[in-house]
Each structure stands twice: as C-alpha cells, then as structure tokens.
Amino acid sequence: MAASWLKDAVFYEIYPQSFRDTNGDGIGDFNGIIEKLPYIKSLGCNAVWMNPCYDSPFRDAGYDIRDHKKVAQRYGTEEDLVRLFEEAHKLGIRILLDLVPGHTSETHPWFLESAREEENQFSDRYIWTANAFCGGDGMPFIGGEHPRDAAYIINFFKCQPALNYGYRDIHDPSWQQPIDAPGPLANREAMKDIMRYWLDRGCDGFRVDMADSLVKNDHGTKSATMEVWKDIAGAIHAEYPEAALVSEWNNPEQALGCGFDMDFMLDWGGNGYNRLMRFYQLDKKGNILSDNSYFKLESDADITGFLRDYPYDAWKDLGQRCMITGNHDTKRASFNLNDRERRLAYAMILTMPGAPYIYYGDEIGMRYRWLPTKEGGYHRTGSRTPMQWDNSKNLGFSGAEEEKLYLPVDPAADAPTVAAQEADPDSMLNFVRGLIALRRSREDLSNCSPFAVYSAEAGSRLFAYKRGRLLVAVNPGREALTLELDGAYAPVYTLGHSRIRGNTLVLDSQSFTILSPAE
Ligand code: GLC
Ligand code: CA
C-alpha cells in the first residue's frame, strides 16, 4: 500500500542552489526554501522534491556525495533542514530528498578505504576489476589513480565510482560478484540506514537517482536490480508506511513492480515524453534546426508517438507514472515552446494520471540560457539559474553582489518574475495555479483516477482522453478539428476557443478543453 498522501500529490522540484538565498552568500539555502513555502502552497503544490543537499565536492551538483548523513554547509545546518520538514508539514507539504544509491563521490571515505592496497571492510563496496590493466568488461572504468592494483567502474562522471550491488550475468568471477555477496549486501544495508536516518528526521521519502542501474549486466528484464529494490523498498515501506519513493527509471512495469510508488517518464531522445515537448534537432551552436514536438504549432506530429510509450493498462494497478514540466537535466520547455504552446503542454501534463512534477520557475516561464558549465552541469546549467521572484536586486534571489551569485540571474528587461505575474490574471503563473486547483478539486482528475484514450488517430493533431467521467481534448495545431462526442457534455475548463454543436466538439487552433457529462 502506497503512502495515502500520494493520491492527490502535486510536486514542485527545487534545485536548492538556485531557489532563494537568505544569508547573502549568493547561493540558495534551506532557510530560503522555508521562506518560500507559502508560495509553493499558493501554487497548489503539496509536495516537494529537492535535489541533493548533502556534503559533496560538487563535481556533479551534489550527485557526487561525500557524506550521506551530513548536509552541505552552504545550504545551512541539519537543524535548518529539520525545520524545513517541520514548517512544510505545518502547511501540508511533504518533502522528498534525493537518494543517490548507485555511486558516491570519489572522495567518500568508503571509496578511499576501498582504494587502499590492503584488504579491508570496504574493499568490495565498489566494483574493482581483477587488475589495473584488464579493462572494465564493457563498463566505463578508471585506472591508474590509486595504490590498489585494479581499476574501478564508474556510473556517470569520473568522480562517481559505482557502488557494488553485484552482477547478474557474471563474465569474470575473479572480480564480478553475485548480488548476494557480502559487499553488495552491505551496500543495501547502508542505503536502508541512510534512508532511515533522514526519515527519522522528518523527510517524507526519496526521489531515487538512476534507480535502474544498480546491478551490472542486468540488461532487459532488470530482474536482479528489481530483486535488490524489493529488498530495500520493502524494508522501508514496512517500517515507514507513509514514505514515498519515486524512481528515475522510466519503466513503470519494472520500477512500480519492485516497490517504487511512482516512476518518472523521462526525457530520452525520441521517446514518448520527448516527442511531446522536446523533439527537436540542434546545430553545433545550439540553434534549433527542426522541431516536430507535438505541442509545437507548426509541427505535423500526432499523439501516437507518445502513446506508444504509454501502455497505461500495463502499469495502472501498480502505482503512478509521473510527468514533468522539465527537470534539472532537461532544457526548459521555454527553450523551444512559446507561451501558448507551453500552456497546452502543461494543460495535458496537469490532467494526466500520476502525480505531476513542476520544475521550479517553469510556472512563470523562466528561460533556458546558454551559460558556461557550473558544477558539472554543461548544457543543463542553463536550466538551473536563480528563481526570479521580483524586480529587486538579483530578481529577489539574493542580496549578494552579482559576481558572487551561484549562477547569473536572467538579465533580460522582461525576465518573468513571480511578483509581476501575481498581479496578472492571465499570467502563466495564474494559469498553472488554475489548473492545479481544478485537478485537486475534481476526483476524476486525481492521480489514480482512470485514464482511457478517446481519440488518437495517426496523422491527426487531435488527442482526446477520458479521466473518469471527464473528457479532455487538445488541438495543438493550426487547423480547427472536430470530435464526435459519446453523449451530452458541458465544458468545465477551456483554453483557446472550442464549442459543442450537437454531438460534435469543435476545437479551434491551439485549444484545450475539459468536458463533463451534462446532468
Ligand atoms: C541523474 C541525475 C543527474 C545526475 C546523474 C548522476 O540522472 O538526475 O543530474 O548527473 O543522475 O548522478
Ligand atoms: Ca545562502
């Protein structure tokens, strides 16, 4: 049984570096998030996922953890973080921390111990090859850095050695271990211990980084990685029934099948989610060469590319599949979609099953900016800039001098801000609020209420779906379209122009509507 609060959870993702700086050192902090909790509540969000906030050398923005049980000084103290949990709970907001189970920083004490020549209790906690020259059996590896006569497998950047959860298909038993060897089992226990540590301090669960990649040579079915998660998630759910787990996996049958409550639909080139909003090609300089995203006005995409990747019946009873407006790894939707196109995309995201996740700043249309890389961000850096609150210094993000800011704020004269949009009933901010309020007021739109495709023809720009008894229809294209209705309906929400003529719904260019059966 999943945590009861997930039924109507709407999430807000916070990149802590860039949300709000309260002590003027140029970087966001826990107190800044506490200060802005009422704002998050005003959006209608009742849950937050915060990117890693632990002690780290920040070679990958904190996804390279040096000490899992210590918060990074730059965000404040552990007491501040606990206060964040408490203040959030007072407002009915849950907080998920980021759990990075697959790797640590190369400076983590566990890793430094494991890199020593003499065998010790950490020797098998990472994946070390037979010797310094034998290669990684197809996995990326680093050699020549440590006294131990072996190379180590990495998960992502050079600074992120993979923790050893074992191998499913073992090619070389001299160094590849089964998943129930002592090192892999110790890592599972270590993760449970870290999760308990933060749950005991008041966090409400975890977003789990690269959850699908723990066991190596576990291609296809991921059966061994699932076995590991059944153990870890099973233990945590038994001890903390109200804790929630969301996976970075992008395979709901697998992820929800081994204990996750939610699984993200991720932005992978050409997949279903990608085809909605980010199906473009760039030249070397980052200019858009072509864009056939479904929500682009001029595209000719139909919705079938998305639906191929959305076999609802395969996972509907297992848990939630979650859609995002973007995240700290994607370009912001404002990179290629204009205001109207984004509204249509968000209207769909906010009316689909599964808890939706809003990436901070997307609700005001913050821009993607080409910036020099920061903390291993590279092209992701431009989606991680400071939140834009108002027209005061640094757009209300920080009182620091400009050159001390973690990342520069948007210098544009018309940079969107919360304050400006609060005052404008037609702003993106109030549009997002309106849709979240509608979602949370209608049982049929809640996270687990049924979904069924109503109309999705190849070659057509129209997409219509049922949520419970409601009928939702969107036309992102230029031509007006019609849809035959299966009964008498009345609109409960409209964006753009649409009308009902007898049994036919007419959707003008770039319109969206939600219809309810007429009483
Ligand atoms: C995930 C994170 C990403 C990070 C990577 C390595 O994909 O979302 O930001 O760089 O894992 O931990
Ligand atoms: Ca600060």
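Everything that follows concerns the structure shown earlier in this document.
This one's a predicted model, so the numbers in the text were calculated from it and none came from an experiment.

### Some points on the coordination of the calcium ion (ligand 2)
Coordination sphere of the calcium ion (ligand 2), protein contribution only: Asp21 (OD), Asn23 (OD1), Asp25 (OD), Ile27 (O) and Asp29 (OD), at 2.3 to 2.4 Å. Donor residues for the calcium ion (ligand 2), ordered by position in the chain, follow D-x1-N-x1-D-x1-I-x1-D. Relative accessible area serves as the criterion here: at 2%, Asp21 is assigned to the buried category. On the accessibility criterion, Asn23 (52% relative accessible area) is exposed.

### Concerning the layout of surface pockets
Space inside the largest pocket adds up to approximately 570 Å³. If you trace the largest pocket, you find 28 residues lining it, with Glu248, Asp267, Trp268, Asp329 and Arg380 closest to the centre. Considered class by class, the residues forming the lining of the largest pocket number ten nonpolar, eight polar and ten charged. There is about 370 Å³ of room inside the second largest pocket. Taken together, the elements giving at least two residues each to the lining of the second largest pocket come down to helix H10 (312-315) and strand S13 (320-322). Its residues placed into classes, the lining of the second largest pocket shows eight nonpolar, six polar and five charged.

### Brief notes about unusual backbone geometry
We note that Ala61 has phi near 55 degrees; this positive angle belongs to a residue other than glycine. Inspection of the secondary structure puts Ala61 in the loop between strand S3 (54-55) and strand S4 (67-71). The exposure class of Ala61 is buried, given its relative accessible area of 3%. Of note in this structure, Asn394 is not a glycine but carries a positive phi near 50 degrees. Within the secondary structure, Asn394 is located in the loop between strand S14 (357-359) and helix H12 (418-422).

### Considerations on the pairing of strand S17 (residues 470-475)
Regular strands show a simple pattern: their side chains alternate between the two faces of the sheet. Burial within S17 is extensive, with six of its six residues counted as buried. Burial along S17 is two-sided: the face carrying Leu470, Val472 and Val474 and the face carrying Leu471, Ala473 and Asn475 are both buried. Where strand S16 (residues 463-467) and S17 come together, five bridges link them in antiparallel fashion. Across the sheet, the residue bridging to Tyr465 is Val472, located in S17. Linkage of S16 to S17, two consecutive antiparallel strands, is achieved through a turn of two residues, within which Gly468 is found at a positive phi near 55 degrees. Two strands pair when backbone bridges link them, and S17 and strand S22 (residues 511-517) are joined in this way by five bridges, in the antiparallel orientation. Along S22, the bridge assignment pairs Asn475 with Ser511.

Reading guide: rules and limits
- Residues numbered from 1 in each chain as written.
- Chains lettered and ligands numbered in written order.
- Predicted model: local features only at pLDDT ≥ 70, side-chain atom pairs only at ≥ 80, totals over all residues.
- Heavy atoms only, no water.
- Donors = N, O, S within 2.8 Å, 3.2 Å for Na, K, Ca; no water.
- Buried < 20%, exposed > 50% of the residue type's maximum accessible area, 1.4 Å probe, protein only.
- 1 Å grid on protein atoms, 1.4 Å probe; cavity = no way out; pocket = protein on both sides within 12 Å on 5 of 7 lines; lining within 4 Å.
- Points joined across faces, edges and corners; volume = space filled by probe spheres on them.
- Nonpolar A, V, L, I, M, F, W, Y, C, P; charged D, E, K, R; others polar.
- Helix = DSSP H or I, 4+ residues; strand = E, 2+ residues; numbered from the N terminus.
- Pairing = 2+ DSSP bridges.

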